[in-house]
Amino acid sequence: MSRYNKDDIIRMAREEDVEFIRLQFTDIFGQLKNVAITSSQLEKALDNQCMFDGSAIEGFVRIDESDMYLYPDLDTFEIFPWRPQQGKVARLICDVHNPDGTPFAGDPRYVLRQAVARAEAMGYTFQVGPECEFFLFHTDEEGRPTTQTHEMAGYFDVSPIDLAENVRRDIVLNLEDMGFQVEASHHEIAPAQHEIDFQYTEALRAADNIMTFKMAAKTIAKRHGLHATFMPKPKEGVNGSGMHINMSLSDREGKNVFADGTDPLKLSPLAYSFMAGILHHMKAMTILTNPLVNSYKRLIPGYDAPIYIAWSSTSNRSSLIRIPSPRGESTRIELRCPDSAMNPYLALAACLQAGLDGIEKNIPLPPCVEGNMFEMEPEELKKRSVERIPETLGDAIEAYEGNAFIKHVLGEHIYTKYLEAKEKEWRAFRAQVTDWEVKQYLYKY
């Protein structure tokens, strides 16, 4: 059931003295875009009459078919609390449509909507709780980002060791002003690294929240003279930033269908099948959960990021999927490989579709793997039939290309555009001569 209708939006904008409205949407690479309008154009926007040039967005359409329309989701209306209190700025997250009114196949939000509709047809609602990690770095004299920090704090440290405690607090308070329910925030393991966790909500809203959070974190960090980055591995020798995804399904009565008190692990057959689907499709999905060349610098042993396609019945953080300890209505699975550069609409759609595939096809779940997999010998892992996720973007492209499941999830348009862009990115990276190579080889050879 919708929170707002058209008249509600117009009334709230008038009562709150909203002068500008940002009509926001996301491209296939997870970059937030917007068209800004004044309040005088709000009614036109709410009638789905705001048009933009889709050919200007990478991965959208060609120049000879450029007209696209923004359809605001009324329930996403929020006023930015960090903007001026006179002539306020609000936003509406939009779906992208073709001129004939049909949904645009290249809209990531549409891809997630299709996955959610499949779940609803099966009687389920996909619930998601993201754990969002990021770094706060200094900027230089011209305001450009660096990877420098004065901070030396680690896990759960507090002020004065945690120099950015007030920045994190400011981010959380602004998010709560926008209706977010923040479960926790704390300093992460690496210097200048932070985490903010959101309460469970349905998948589409969770993806919207991730995009809003990234925008808010960057905006508020800048006000403090810092740069917030969601680059997965901005510095060598320290942990990278993940975007762990906690997931469960609920039925039409809101009951968690992953819970089963009669099972030894208190997990239902649906939970096991959902996990099996994700593990089965993980290699093809990795390019969505870990989309950059840099993503794979995080996925190496020794830095808390999982690299093996396995699950654990305990809170084993070396597993790709772990089962957090709460049970009953709090039962969930946690996928630990995604990073903070992912497009949340595409990544969540892939996770949901893979899990539903596991349920529909009754995909068998491999045995759980206990113990620290980072310390296991290759022979032991091979004996347990444990495979590795792709090691590079090139490996991820190979697993993605031609995969029927992933093509079905994304649709032909996004599947093709995404593949073209990632192949181009990988070729460009392979052509680079890095500082490491120069230091390693220039003198010797």
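Residues numbered from 1 in each chain as written. Predicted model: local features only at pLDDT ≥ 70, side-chain atom pairs only at ≥ 80, totals over all residues. Heavy atoms only, no water.

- Under an unreviewed UniProt entry, the name given to the protein chain is Glutamine synthetase, and the organism recorded is Candidatus Enterocloster excrementipullorum.
- We quote the UniProt Sequence similarities (unreviewed entry) comment for the protein chain here in full: "Belongs to the glutamine synthetase family."
- The UniProt entry for the protein chain carries the following text under Subcellular location (unreviewed entry): "Cytoplasm". (UniProt positions renumbered as here; feature names shortened; annotations may be inferred.)

### Let's talk about the overall build of the protein chain
Moving on, step 1. In terms of helices and strands, the protein chain carries twelve helices and 17 strands.
Moving on, step 2. Its C-alpha atoms give the protein chain a radius of gyration of 22 Å, near enough to 22 Å, the size a compact globule of 445 residues would have.
Moving on, step 3. Principal axes of the C-alpha set define a box for the protein chain whose edges measure 70 × 55 × 50 Å.
Moving on, step 4. Burial statistics for the protein chain: of 445 residues in total, 52% are counted as buried.
Moving on, step 5. If you sum the accessible surface of the protein chain, you get close to 20,500 Å²; carbon and sulfur atoms cover 49% of it.
Moving on, step 6. The distance from the centre of the 48 positive side-chain charges to the centre of the 66 negative ones in the protein chain is 2 Å. (Helix = DSSP H or I, 4+ residues; strand = E, 2+ residues; numbered from the N terminus. Rg over C-alpha atoms; globule rule 2.2 N^0.38 Å. Buried < 20%, exposed > 50% of the residue type's maximum accessible area, 1.4 Å probe, protein only. Areas by Shrake-Rupley, 256 points an atom, 1.4 Å probe, with all protein chains shown as cover. Lys, Arg positive; Asp, Glu negative; His and termini not counted. Charge placed at Lys NZ, Arg CZ, Asp CG, Glu CD.)

### Some thoughts on unusual backbone geometry
Moving on, step 1. Of note in the backbone geometry, Lys-266 takes a positive phi value of approximately 65 degrees without being a glycine.
Moving on, step 2. Residue placement: Lys-266 occurs in the loop between β12 (243-250) and α6 (269-289).
Moving on, step 3. One non-glycine residue, Ser-385, adopts positive backbone phi at about 60 degrees.
Moving on, step 4. Along the chain, Ser-385 turns up in the loop between α9 (378-383) and β17 (387-388).

### Digging into empty space enclosed by the protein
Moving on, step 1. Applying the stated criterion across every chain yields a total of two cavities of 30 Å³ or more.
Moving on, step 2. Estimates place the volume of the largest cavity at around 50 Å³.
Moving on, step 3. Considering the residues around the largest cavity, the lining is formed by Ile-28, Phe-29, Leu-288, Pro-291, Leu-292, Asn-343, Leu-346, Tyr-418 and Lys-422.
Moving on, step 4. Partitioned by chemical class, the residues of the lining of the largest cavity number seven nonpolar, one polar and one charged.
Moving on, step 5. Put simply, the second largest cavity is a space of about 40 Å³.
Moving on, step 6. Around the second largest cavity, the lining residues are Phe-25, Thr-26, Ile-93, Cys-94, Asp-107, Pro-108, Arg-109 and Tyr-345.
Moving on, step 7. Put simply, the parts of the chain that give the lining of the second largest cavity at least two residues each are β1 (18-26), β6 (88-97) and α3 (108-121). (1 Å grid on protein atoms, 1.4 Å probe; cavity = no way out; pocket = protein on both sides within 12 Å on 5 of 7 lines; lining within 4 Å. Points joined across faces, edges and corners; volume = space filled by probe spheres on them. Nonpolar A, V, L, I, M, F, W, Y, C, P; charged D, E, K, R; others polar.)

### Observations regarding the pattern of salt bridges
Opposite charge on two side chains allows them to pair when their charged atoms are near.
Moving on, step 1. Counted by the stated rule, this structure contains 23 salt bridges.
Moving on, step 2. The closest approach of N and O atoms between Asp-95 and Arg-113, which form a salt bridge, is 3.0 Å. Taken as a pair, Asp-95 in strand β6 and Arg-113 in helix α3 lie far apart in primary sequence, 18 residues in all.
Moving on, step 3. Assessed through its relative accessible area of 11%, Asp-95 is described here as buried. (Salt bridge = Lys/Arg side-chain N within 4 Å of Asp/Glu carboxyl O.)

### Thoughts on the UniProt feature "binding site: Mg(2+)" (unreviewed entry) in the protein chain
Moving on, step 1. The positions that UniProt labels "binding site: Mg(2+)" (unreviewed entry) are, in the present scheme, Glu-131, Glu-133, Glu-188, Glu-195, His-244 and Glu-334.
Moving on, step 2. With relative accessibility at 4%, the residue Glu-195 sits in the buried group.
Moving on, step 3. Discounting chain neighbours no more than four positions away, the residues touching Glu-195 are Glu-131, Cys-132, Glu-133, Phe-134, Arg-168, Ala-184, Ser-185, His-186 and Glu-188.
Moving on, step 4. Note that Glu-334 resides in strand β16 (residues 333-335).
Moving on, step 5. Looking at Glu-334, the relative accessible area reads 0%, which means it is buried.
Moving on, step 6. Residues in contact with Glu-334, not counting those within four places in the same chain, are Glu-131, His-244, Ile-245, Asn-246, Leu-320, Ile-321, Arg-322 and Pro-324.
Moving on, step 7. Within polar-contact distance, the side chain of Glu-334 engages the side chain of Arg-322 at 2.5 Å. (Contact = heavy atoms within 4.5 Å. Polar contact = N/O pair within 3.5 Å; in protein donor to acceptor, adjacent residues only side chain to side chain.)

### Section: the UniProt feature "binding site: L-glutamate" (unreviewed entry) in the protein chain
Moving on, step 1. Residues annotated in UniProt with the feature "binding site: L-glutamate" (unreviewed entry) correspond here to Asn-239, Gly-240, Arg-298, Arg-317 and Arg-336.
Moving on, step 2. Looking at the secondary structure, you find Asn-239 in the loop between β11 (226-229) and β12.
Moving on, step 3. Setting aside anything within four residues of it in sequence, one finds Asn-239 in contact with Phe-135, Ile-189, Ala-190, Gln-193, Lys-233, Tyr-303 and Asp-304.
Moving on, step 4. Its location among the elements puts Arg-336 in the loop between β16 and α8 (344-361).
Moving on, step 5. Assessed through its relative accessible area of 2%, Arg-336 is described here as buried.

### Looking at the packing of helix α5 (residues 203-223) against α8
Moving on, step 1. Their axes nearest at 9 Å, the elements α5 and α8 cross at an angle of 150 degrees. Taken together, α5 and α8 sit at an angle that is classed as roughly antiparallel. Relative to α8, the crossing made by α5 is right-handed. Counted together, Ala-203, Leu-204, Ala-207, Asp-208, Ile-210 and Met-211 of α5 and Pro-344, Tyr-345 and Leu-348 of α8 form the full contact between these two elements.
Moving on, step 2. For the contact of α5 with α8, the class distribution of residues is eight nonpolar, no polar and one charged. (Axes fitted to C-alpha atoms, helices over the stretch in contact; angles between N-to-C directions. Parallel < 35°, antiparallel > 145°, perpendicular 65-115°, else oblique. Left-handed = near helix turned anticlockwise from the far one by under 90°.)

### Let's talk about a nonpolar patch on the surface
Moving on, step 1. Where nonpolar side chains cluster on the molecular surface, the patch consists of Tyr-155, Phe-156 and Ile-189 and spans about 300 Å² of accessible area.
Moving on, step 2. Residue classification places Tyr-155 among the partly exposed positions, given a relative accessible area of 38%. (Patch = residues over 30% accessible without salt bridge, like charges linked within 9 Å, V, L, I, M, F, W, Y side chains within 5 Å.)

### Looking at the nonpolar core
Moving on, step 1. Of all hydrophobic cores here, the largest spans 106 residues; its most connected members are Phe-213, Leu-249, Phe-274, Ile-278 and Leu-410.
Moving on, step 2. Ranked by the residues each element gives to this core, the list is headed by α5, at twelve residues.
Moving on, step 3. Not counting residues up to four positions away in its chain, the partners in contact with Leu-249 are Tyr-124, Thr-125, Phe-126, Lys-255, Asn-256, Val-257, Phe-258, Phe-274, Leu-352, Leu-356 and Ile-359.
Moving on, step 4. In this structure, Val-18, Ile-37, Phe-77 and Ala-90 belong to the second largest nonpolar core, which totals 24 residues. (Core = buried A, V, L, I, M, F, W, Y, C linked by side-chain atoms within 4.5 Å.)

### Brief notes about the pairing of strand β2 (residues 32-38)
Moving on, step 1. Where β1 meets β2, seven bridges bridge the pair, whose relative direction is antiparallel. Within the sheet, the bridge partner assigned to Leu-23 lies in β2 and is Val-35.
Moving on, step 2. Where β1 folds back on β2, the antiparallel hairpin that results is connected by five residues, among which Gly-30 adopts a positive phi of roughly 85 degrees. (Pairing = 2+ DSSP bridges.)

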